[in-house]
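Per-entry structural report
Listed below, chain by chain, are the residues.
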Protein chains: 2
Amino acid sequence: MSKSKKKLRIIPLGGLGEIGKNITVFEYGEDIVIVDCGIAFPEDEMMGIDLVLPDITYLKNKRDKIKGIVLTHGHEDHIGALPYALRDINVPVFGTKLTLGLLKNKLEEHRMLGDTNLQTVQLGETIELGVFKVEFIRSSHSIADAAALAIHTPVGIIVHTGDFKIDYTPIEGAPINLARFAELGKKGVLLLMADSTNAEREGYTMSERKVGESFERIFANVPGRAIVATFASNIHRVQQILNVAIRTNRKVALSGRSMINVVNVALELGYLNAPEDIFIDIKDINRYPSERLMIITTGSQGEAMAALSRMAASTHRQVEIVPGDLVVISATPIPGNEKMVSNNVNMLLQKGANVIYESLEDIHVSGHACQEELKLIHRLVQPKFFMPVHGEYKHLRHHALLAQELGMASEDIFIMNIGNVLELDASNAKIAGKVPSGKVFVDGLGVGDVGNIVLRDRKHLAQDGMVIIMITIDKDTGAVITTPDIISRGFIYVRESEELMSEMKNIVKNALSECQGKDWSTIKNNVKKSMSEYLYAKTKRKPMILPIIIEI
Amino acid sequence: MSKSKKKLRIIPLGGLGEIGKNITVFEYGEDIVIVDCGIAFPEDEMMGIDLVLPDITYLKNKRDKIKGIVLTHGHEDHIGALPYALRDINVPVFGTKLTLGLLKNKLEEHRMLGDTNLQTVQLGETIELGVFKVEFIRSSHSIADAAALAIHTPVGIIVHTGDFKIDYTPIEGAPINLARFAELGKKGVLLLMADSTNAEREGYTMSERKVGESFERIFANVPGRAIVATFASNIHRVQQILNVAIRTNRKVALSGRSMINVVNVALELGYLNAPEDIFIDIKDINRYPSERLMIITTGSQGEAMAALSRMAASTHRQVEIVPGDLVVISATPIPGNEKMVSNNVNMLLQKGANVIYESLEDIHVSGHACQEELKLIHRLVQPKFFMPVHGEYKHLRHHALLAQELGMASEDIFIMNIGNVLELDASNAKIAGKVPSGKVFVDGLGVGDVGNIVLRDRKHLAQDGMVIIMITIDKDTGAVITTPDIISRGFIYVRESEELMSEMKNIVKNALSECQGKDWSTIKNNVKKSMSEYLYAKTKRKPMILPIIIEI
C-alpha cells in the first residue's frame, strides 16, 4: 500500500467551544467533504438576532473541491444552516431518509428545493466522495434515523459518533450498531471524534422507553383533556405520546408549525405509526369531550411564540386552558431557558391546569451519552487519536479527561477551537494553523449585515435608551438658528421630567456657545460630552447621545 | 376575654407569585406592623433596570399607623428596599444584630444612617408594637441570625416562618427552636405563613455541615492557589471556607465589595471567627506562594461585574487566573443564571484552572426547607389557616397541596396574590378586597421614572434599532425644504447599505409629496407608515421609526 505524503486536514468550523452550529471540514488534497451544517440559537446579548450561522468563508472559494455535505441527523444544529450555505456552495447533500425529509421542508420554506441535490443514504451504506468513503452507521439519539460516520481516508479511518446515546431498547428500529464500532476498532481507527454534551455526567442515559413507562403511569386515570409539549423532532417521543392517545381512546390534534411539519414528514416517510383517523384539526377540538382529546404541541422550552406559551398567555386562537386540563412538559429546559419554562408553568397552574414537568416526574431523557456510554465507545473504537466534539469548553475538557482515565496520552488528545486545523497522517496528528471561522448573524432577511457595531448599539439603547439633540445652523454664518430640540426614547418618561428637559436644553446651548463657528465634528463632540456628563451626574444613566446638525 | 369586633388584615405587597421583594403588612385597627422590605432583581426584559422595589403606595398615607418594620433576616430580598422605603415611611426598624449590621451598611451607602431608628432584638425576645406583640424565634437559613416570627394579635397568633430550613447541625449557634413552634401549636395558632421556595422538592435539605465535609475532601491536597466563590451573606459558608484556610495554613484575601463589607460586619459583630492575621489585602497576594493563598470572592452567580467573572474575563486588577489554580464555585445557579455561571466555568477552564462546581460535587446546600421539613413545621404548628408565602405560583400551589395532604381543608388554605387582603378574626378567614401593589423600577438614581413605556421602547430598540428621519419644512409655505436626512442606529450597518439608504430616501420623498401641506401629525404618520412597511418587506425587521420635523 503506497504511503500517502499528503496530510488529512480536519477543520471544525462550528460546534466546538459551544453547543450549536456543528460543521466540520475534511480536506485531503483536492477533495473536501463537509459533515453537518447547522445553526446556533442566539444568546441573550445578541439582541434582535434570529439565528447564528457558522462563518464558512474558508469554503467559499473552494466550491469545486467540495464533493458533498454529509448529514448525521436532522436537528437544527446540524442541518439548519444549509438553506444559507447552499446559496454559496451548492453541492450534493447526503443523509438518511428522515434527515433529508426534514431538510426538504426547510428548503421549501426558502423556496430553493428545486435547485438542490439531495441523495438518500441507507444506514449501513457507504458512499464515495472523491478519495473519501463515508460509511453511515446506525446510531441512537433523540431523533430517528441518526447516523454515526466512519470516514475512510487514505491516511486512516476517522470515526465520528455524531450526536448519540446508547439506548439498548429503542422505540423503533434496531439499536445502535455497537458491533460495527468494534469491527472498526479492531481494524484500526486513526481518530475518534465523539459527542461531549454529557461528558460531565456520571453513569448512563436512560432509555427512551423509560419515558413511555412514566406516561403510562401519568395517563392511567386522566378524566380531562391532555396536552403534551415536546420537541417536534423527537419522533420517538411523539410515537410514545401517540401510543398513549391510542390506548386512552383520544383524538390527537397538533399545535405549532414545526410540530405539524415534522409529524407530517414522519408519517409520510413511515417513521410514525398511528391509525389515520386519530388526527383531527386543532380547529375541531371542541367537537369532542375533554376525555377524548390529546393535544401535542410545541413550546416545551418556553419559547415566547410557541404554541404552549401562547396557551399559557391566553393568546392561542384555538386552545383555552381550563381547570381539569393536564399539561405535560416532556422536556428538560436547555440551559438558558429555565425561567421561560417556569413562567409557562406558573401561568398554566394559575389557569387551573394540572402541570407535570421534569422536576416532578421522569418524562424526559437526554439524547446524549453520559460517561459510561462514552467509555464504552472509546473502548470499542480504540482510536490512536481523539478529538472531543459537540460541547462547550468544559464539556470537551471533561471528555478529554475521561479519555485520559482510559489510558490515552494527553498528547494524543486534541481539544480544538473552531478554525483550528488538525493535520493527520497515518502515524501523527498535530494542530497546524488556523482558518477564518466565527459567527454570522441572521436578522430578518439580512444575513451578515448585523455585526458587532449594530449589536453594540442595540445593547446601549436597551440599557439606557437614547437622546437626540437637533441643532440647526445657518449655512453662511455658522450661527445656531433655533433653540435646540431634544427628543428621547427609552430614557425617561418626558412628561414627568419637564425640569430635566429644560436643563438639558441649557446644557446644549452652553456647549454650542463654547464652540461657535467650529467644524461640525467638534460641535457634535462637545455637545455629546457635555450632555453625557450632565446626565450621568444627574441620573447615573448613560443614554446614547445623538447630536444632529441641520444646515439651513 | 373580650371578643374583638375588628378584623386582622394581612396584606402581602411582595414575595408572592414571585421570588423577591418580600414585604407583608399586618393591620389591626389603628396599628400597622410591616414584616420585611426587600428588593427583587430585574428580569431579562426589564432592560437597563438595576433593582425592582415593591410598590408601597398603600402605606404612604398611613405613616402614623405604622408602629415599625420587623426583619426576619438580612438577605437583599428582605431588607434591600429599606433605603428607599424609609424615605417615605421613616419608622423604627427591628431586627437581630447581624441583620441590622448588614442594613446599616446599606443605609450608610445611601447616606441616611443618621436619620433612621434601628433597634436590635435578641432571638427569643418579644417586642410590643401597638396591639401587636412580635416574638423573634431562632431559625436556620443560609444566613446567620435568621428569625421566624410569632405575631400575637387580638384575634390570635400568626406564625411566620421567614425563610428557613431545618438544620439539626448548624455551623454556629443553637438549632432552629422547634420546641417553641410546638408550644405555640399547642397554645393554638390562627394562621401559618411559611416559606414555599422548595415545596416542589421531596425529602429534606442537607445540613450546611455537609458542605464542610466536601470541602475537607476537595482541599485535602491542593498544591496551588485556592479561589472560592460563594454568596457573601452566607456567613456560615464563609466560616467553613475560613476553617479550610486555617487548616491548610493559607492566608485569606477577599475580593468583591459585598464580600468585603459583609465579612467585615460579621467579624465585628462576632459572627465569624478567625485569627486576626489570617486576612491579607488582595493587593498583597503576590507576596505569598500559591499554596499559602485562599481568595474568597463574589461572582458565584456569574454576575457580569462580580469579582470571579472579572477574573474569568481577565479584567480583574489583582488576580490573574493561572494553571494550577483551584476554583470552587460554592453555589447553585439561581434559575436564570445558569448560562452566566457556565460562561465563567468555560473561561476559567480555558485559563488552565481546575474548576469545581455544583454538578460535580456537593458544595452547596439550599437555605430553604424541602417537603419533609415543611411537613414537620405544619405538624408542630397545627394552624387553623394556612397561607403559603415566598414563592412563585407553582411553589405556593405545591405547598398548598402539601398542606392538604396533611389534612387541611382547601377552604382553610389561601393562595394569595400581592395586594390581596386576608381578613381574619378568631374563627374565620377570607380574602376581602385588594389594595394597590406592584413593581417600582430603579434605574441609576431614578426611582419609578422608568415605567412601561420606557421599557417598551428599550425593548423595541434592542430588537431592531431605530431609524431617524429628519424633514425640514418651510414655516410659511409648508413645503419641504431639503432632501430628508436619515440616520440609523442598531438597525443596519449603513456603509454596507448605501442602496437601501437611497431607496429609503425615495420612500420618504414619496410619502411627503402625498401629504403636502397637511398637519405635522398626518405627515409624520404617513412617513412612519410608508417607511415601516417598506423596511419590513425588504428586511423583515421593524426598527423604531422616528420622523422629526424641523420648521424653518
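Conventions adopted
- Residues numbered from 1 in each chain as written.
- Chains lettered and ligands numbered in written order.
- Predicted model: local features only at pLDDT ≥ 70, side-chain atom pairs only at ≥ 80, totals over all residues.
- Heavy atoms only, no water.
- Helix = DSSP H or I, 4+ residues; strand = E, 2+ residues; numbered from the N terminus.
- Areas by Shrake-Rupley, 256 points an atom, 1.4 Å probe, with all protein chains shown as cover.
- Lys, Arg positive; Asp, Glu negative; His and termini not counted.
- Charge placed at Lys NZ, Arg CZ, Asp CG, Glu CD.
- Buried < 20%, exposed > 50% of the residue type's maximum accessible area, 1.4 Å probe, protein only.
- Pairing = 2+ DSSP bridges.
- Domains from an automatic or database assignment.
- Contact = heavy atoms within 4.5 Å.
- Buried area = accessible area lost by both parts, 1.4 Å probe.
- Polar contact = N/O pair within 3.5 Å; in protein donor to acceptor, adjacent residues only side chain to side chain.
- Nonpolar A, V, L, I, M, F, W, Y, C, P; charged D, E, K, R; others polar.
- Axes fitted to C-alpha atoms, helices over the stretch in contact; angles between N-to-C directions.
- Salt bridge = Lys/Arg side-chain N within 4 Å of Asp/Glu carboxyl O.
- UniProt positions renumbered as here; feature names shortened; annotations may be inferred.
- Parallel < 35°, antiparallel > 145°, perpendicular 65-115°, else oblique.
- Left-handed = near helix turned anticlockwise from the far one by under 90°.
- Core = buried A, V, L, I, M, F, W, Y, C linked by side-chain atoms within 4.5 Å.
- Arc of directions from axis to C-beta.
- Expected span 1.5 Å × (residues − 1).

A word on the overall build of chain A. In terms of regular secondary structure, chain A is built from 15 helices and 26 strands. If you line up chain A on its principal axes, its C-alpha atoms span 85 × 70 × 50 Å. Per element, the accessible surface of chain A, about 22,700 Å² overall, is 47% carbon and sulfur. For chain A, the separation between the mean place of its 63 positive charges and that of its 67 negative charges on side chains is 2 Å.

Residue and element names in this part refer to chain A. Although it is not a glycine, Arg 111 sits at a positive phi angle of roughly 55°. Tracing the backbone shows Arg 111 in the loop between α4 (97–109) and β7 (118–120). The class for Arg 111 is exposed, based on a relative accessible area of 77%.

This part covers the pairing of strand β16 (residues 293–297) of chain B. Residues and elements named next belong to chain B. Buried residues dominate β16, accounting for 5 of its 5 residues. Here strand β13 (residues 226–229) pairs with β16 via 4 bridges, running parallel. Across the sheet, Val 228 pairs through a bridge with Ile 296, a residue of β16. Pairing between strand β14 (residues 251–255) and β16: 5 bridges, direction parallel. Bridge pairing in β16 places Leu 254 opposite Ile 296.

Right, let's get into the domain arrangement of chain A. All names here are of chain A. When the domains of chain A are assigned, the result is domain 1 (7–203 + 366–440), domain 2 (209–356) and domain 3 (453–551). Distance between the C-alpha centres of domain 1 and domain 3: 52 Å. Counting residues at the interface gives 5 residues for domain 1, matched by 4 residues for domain 3. With both sides pooled, the region where domain 1 packs onto domain 3 buries about 370 Å², and carbon together with sulfur makes up 72% of that total. Considering only the surface of domain 1 that becomes buried against domain 3, Glu 45, Met 47 and Ile 49 emerge as the three largest contributors, covering 87% of it. Here domain 1 is connected to domain 3 by 1 residue pair in polar contact (both at pLDDT 80 or more). Split by residue class, the side of domain 1 that touches domain 3 holds 3 nonpolar, 1 polar and 1 charged.

Moving on to the sheet that holds β14 of chain B. Residues and elements named next belong to chain B. One open sheet holds the 6 strands; their spatial order is β15-β14-β16-β13-β17-β18, and the pairing between them is parallel. A strand with exactly one partner marks an edge of an open sheet, and here the two such strands are β15 (279–280) and β18 (354–356). Running over the sheet, helix α7 (residues 235–247) touches β13, β14, β15 and β16 and is turned about 170° from β16.

Bringing the interface of chain A and chain B into the picture now. Across the boundary between the two partners, chain A contributes 60 residues, which contact 60 residues of chain B. Both faces considered, chain A and chain B share a buried interface measuring about 5,300 Å² in area, 58% of it formed by carbon and sulfur atoms. The largest contributions to the chain A side of the interface with chain B come from Lys 339, Arg 489 and Arg 541 of chain A, which together make up 10% of the buried area. If you look at where chain A meets chain B, you find 5 salt bridges. The shortest N-O distance in the salt bridge between Arg 541 of chain A and Asp 443 of chain B comes to 3.5 Å. Scanning the region where chain A abuts chain B turns up 22 residue pairs in polar contact (both at pLDDT 80 or more).

Let's shift gears to the UniProt feature "binding site: Ca(2+)" (unreviewed entry) in chain A. When the UniProt feature table is mapped onto this chain, "binding site: Ca(2+)" (unreviewed entry) is found at Gly 48, Asp 50 and Asp 443 of chain A. The greatest C-alpha distance among the residues just named is 6.7 Å, despite their covering 396 residues of sequence, which places them together in space. Residue placement: Gly 48 of chain A occurs in the loop between β3 (31–35) and β4 (51–54). Gly 48 of chain A gets classed as buried once you look at its relative accessible area, which sits at 8%. The residues touching Gly 48 of chain A, leaving out its near neighbours within four places in the chain, are Asp 443 and Arg 458 of chain A together with Ala 462 and Gln 463 of chain B. Here Asp 443 of chain A is to be found in strand β22 (residues 439–443).

Once that is clear, we can look at the packing of helix α4 (residues 97–109) of chain B against helix α8 (residues 257–268) of chain B. Residue and element names in this part refer to chain B. Running from N to C, α4 and α8 point in directions that differ by 130°, and their axes come no closer than 9 Å. The orientation of α4 with respect to α8, classified from their angle, is oblique. For the element pair α4 and α8, the recorded crossing hand is right-handed. Where α4 approaches α8, its residues Leu 98, Gly 101, Leu 102, Asn 105 and Glu 109 are matched on the opposing element by Arg 257, Asn 261, Val 262, Val 265 and Ala 266. Its residues assigned to classes, the contact of α4 with α8 shows 5 nonpolar, 3 polar and 2 charged.

Moving on: the nonpolar core. All names here are of chain A. If you look at the biggest cluster of nonpolar residues, it comprises 69 residues, and the most contacted ones within it are Leu 59, Phe 219 and Met 294. Here the element with the most residues in this core is helix α7 (residues 235–247); it accounts for 6 residues. Each of domain 1 (7–203 + 366–440) and domain 2 (209–356) contributes no fewer than three residues to this core. Not counting residues up to four positions away in its chain, the partners in contact with Leu 59 are Leu 13, Ile 23, Val 25, Ile 32, Ile 34, Ile 66 and Ile 89.

The next subject is helix α5 (residues 178–187) of chain A. All names here are of chain A. Of the residues making up α5, those classed as buried are Leu 178, Arg 180, Phe 181, Leu 184 and Gly 185. Seen from one end, α5 has its buried residues packed into an arc of 160°, which puts them on one side. The exposed set on the far side of α5, more than 90 degrees from its buried face, consists of Ala 179, Lys 186 and Lys 187. Of the residues flanking the end of α5, it is Gly 188, one or two places downstream, whose phi is positive at about 120°.

All names here are of chain A. When the terminal C-alpha atoms of α7 are compared, their 18 Å separation across 13 residues agrees well with the 18 Å that a helix rising 1.5 Å per residue should span. In terms of residue burial, α7 counts as a mostly covered element, since 10 of its 13 residues are buried. At the exit of α7 stands Asn 249, carrying a positive phi of roughly 55°.

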